[in-house]
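Remarks on the overall topology
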Amino acid sequence: MEIHVLQKPVKPEILLEVVKVHLQKNKELRESKALIQEKINKFKLLTDREKEVLREVARGKLNKQIAIDLNIAEQTVKIHRGNAMHKLGLRSALDASAFLLDIGRLGKNE
């Protein structure tokens, strides 16, 4: 957080500029929080298995590796991966990784 220290007497134009800068920063912060909350809400719509598969995809694992790790069929991984990506509007493993990092859900226990 940036703090501006103004010495009295403050010129009105300087005070106005400082207030404008902080209002803009506040607006950007609120918009950013709203976008993250929207992503969190979408993520909550996924099944537990879709979340699990998505985390592995975001880590760069192949479907075959995920299937072995989760002890499920590769075709099942493809289905869960496709469903999760579609629900979240993602196109690639890189998108999945960025999405999960944004919402802080890349960790195993989240």
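Everything in this summary refers to the structure shown in the same document. (Residues numbered from 1 in each chain as written. Predicted model: local features only at pLDDT ≥ 70, side-chain atom pairs only at ≥ 80, totals over all residues. Heavy atoms only, no water.)

At a closest axis distance of 8 Å, the pairing of helix H3 (residues 63–70) and helix H4 (residues 74–88) adopts a crossing angle of 110 degrees. On the basis of their axis angle, the class for H3 and H4 is roughly perpendicular. For the pair H3 and H4, contact is made by Asn63, Lys64, Ile66 and Ala67 and by Glu74, Val77, Lys78 and Arg81, respectively. Considered class by class, the residues forming the contact of H3 with H4 number three nonpolar, one polar and four charged. (Axes fitted to C-alpha atoms, helices over the stretch in contact; angles between N-to-C directions. Helix = DSSP H or I, 4+ residues; strand = E, 2+ residues; numbered from the N terminus. Parallel < 35°, antiparallel > 145°, perpendicular 65-115°, else oblique. Contact = heavy atoms within 4.5 Å. Nonpolar A, V, L, I, M, F, W, Y, C, P; charged D, E, K, R; others polar.)

Below, the discussion takes up the environment of Glu13. Its location among the elements puts Glu13 in helix H1 (residues 12–44). Its relative accessible area of 52% is what places Glu13 among the exposed residues. Sequence-wise, Glu13 and Gly104 are 91 residues apart; in three dimensions their C-alpha atoms are separated by 41 Å. (Buried < 20%, exposed > 50% of the residue type's maximum accessible area, 1.4 Å probe, protein only.)

Shape descriptors only; they carry no functional weight alone.
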